[in-house]
Amino acid sequence: MLDTLRELLRPPPGMAFDFSQPAGEPALAPAGGVSWRVFANPVVLFVGGVAAVLLELAEPSVRSGVWDHSGFRRDPALRLRRTGFAAMMTVYGPRAATEALIARVVRMHDRVQGSTPDGVAYRANDPRLLDWVQATATFGFSQAYHAYVRPLSAAERDAAFAEGQAAARLYGATGAPRSRAEWQALLAATAPGLEGSAILDEFMRIMAAAPLLPRPMRWLQRLLVRAAVDIVPEPVRSLPQLRGRGLRRGEAPLVRALARCAGLLPLGDTPPMQAARRLGRTGPGR
């Protein structure tokens, strides 16, 4: 189990990157900040990433862009790990390399456009959609940490959003929330347009059955997916495709125990520790 959890922190095949170089170069997120602690926990990465995708798939234009223009159905494990790697770069990567990666993603997104089943035109680099994607990612990861590792103070929860601003601006998310209050305002404004769909149901089936973790650990995979559903805010948590699919009685303490134990694991040669070495730190915490 320890090796399986640690593997969640490593770049996916074909995307190897040495976060320890160049020495002294800062990351987009402040060293030792809330994001550095949140992203160093592999259970938080899994749960928070799934929660963010659930929120994204509830927004019709984002859902169509993700489902029509990505390889998720073909290889969900690789798609999730690539997305996780991009997020790790914004937190731990040296600034120059991270800026180059984001620029490549923005150029790729320039070609992503289409129409939803209802005929609404969308384009991936629409600032409105980018704001939602950036906000849901920050919420998902920070809420997973808050719920299952250690409660974050109001100031820390605000900091999680503020620390993502540099990356958000590079992606073009010029109106991404800068605080929890701004996230709640965005959620309230977006809520009337959020909806369930067959795609959301398909995503849940994929997450239950896809080989994201080794077969002996598939019970853990399903548990963590339920933990993600549990932290998704209303009105999304009550959508028909998610209703009743959160944690079962007695499972929340198990998830908390797993997440807290994962936070105590020796991280080994993973991005958080490599980045800490690059900046002359002993680890990703304060």
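What this report covers is the structure whose coordinates are included nearby. (Residues numbered from 1 in each chain as written. Predicted model: local features only at pLDDT ≥ 70, side-chain atom pairs only at ≥ 80, totals over all residues. Heavy atoms only, no water.)

## Overview of the nonpolar core
Reasoning step 1: Phe39, Val47, Leu54, Tyr92 and Phe203 are the most contacted members of the largest nonpolar core, which has 85 residues in total.
Reasoning step 2: When residues in this core are grouped by element, the largest group, eleven residues, is from helix α3 (residues 42-57).
Reasoning step 3: For Phe203, the contacting residues outside a window of four places in its chain are Val50, Val53, Leu54, Leu57, Trp67 and Phe72. (Core = buried A, V, L, I, M, F, W, Y, C linked by side-chain atoms within 4.5 Å. Buried < 20%, exposed > 50% of the residue type's maximum accessible area, 1.4 Å probe, protein only. Helix = DSSP H or I, 4+ residues; strand = E, 2+ residues; numbered from the N terminus. Contact = heavy atoms within 4.5 Å.)

## Topic: the environment of Gly263
Reasoning step 1: By the secondary structure assignment, Gly263 is in helix α13 (residues 251-264).
Reasoning step 2: Residue classification places Gly263 among the partly exposed positions, given a relative accessible area of 46%.
Reasoning step 3: In the structure, Gly263 is positioned 222 residues away from Asn41 in sequence and 5.3 Å away in space, judged by C-alpha atoms.

## Comments concerning helix α8 (residues 154-163)
Reasoning step 1: If you check which residues of α8 are buried, you get Glu156, Arg157, Ala160, Phe161 and Glu163.
Reasoning step 2: Looking at the buried positions of α8, the neighbouring elements they touch are α2 (34-38), α7 (127-148), α9 (165-171) and α10 (180-190).

## Considering helix α6 (residues 95-109)
Reasoning step 1: Helix length check: α6 (15 residues) gives 21 Å between terminal C-alpha atoms against 21 Å at 1.5 Å per residue, within 8%.
Reasoning step 2: Residues of α6 that are buried include every one of Thr98, Leu101, Ile102 and Val105, and no others. The buried residues of α6 occupy an angular sector of 95° when projected down its axis, which confines them to one face.
Reasoning step 3: Summarising the contacts, the buried residues of α6 are in contact with α5 (76-92) and α9. (Expected span 1.5 Å × (residues − 1). Arc of directions from axis to C-beta.)

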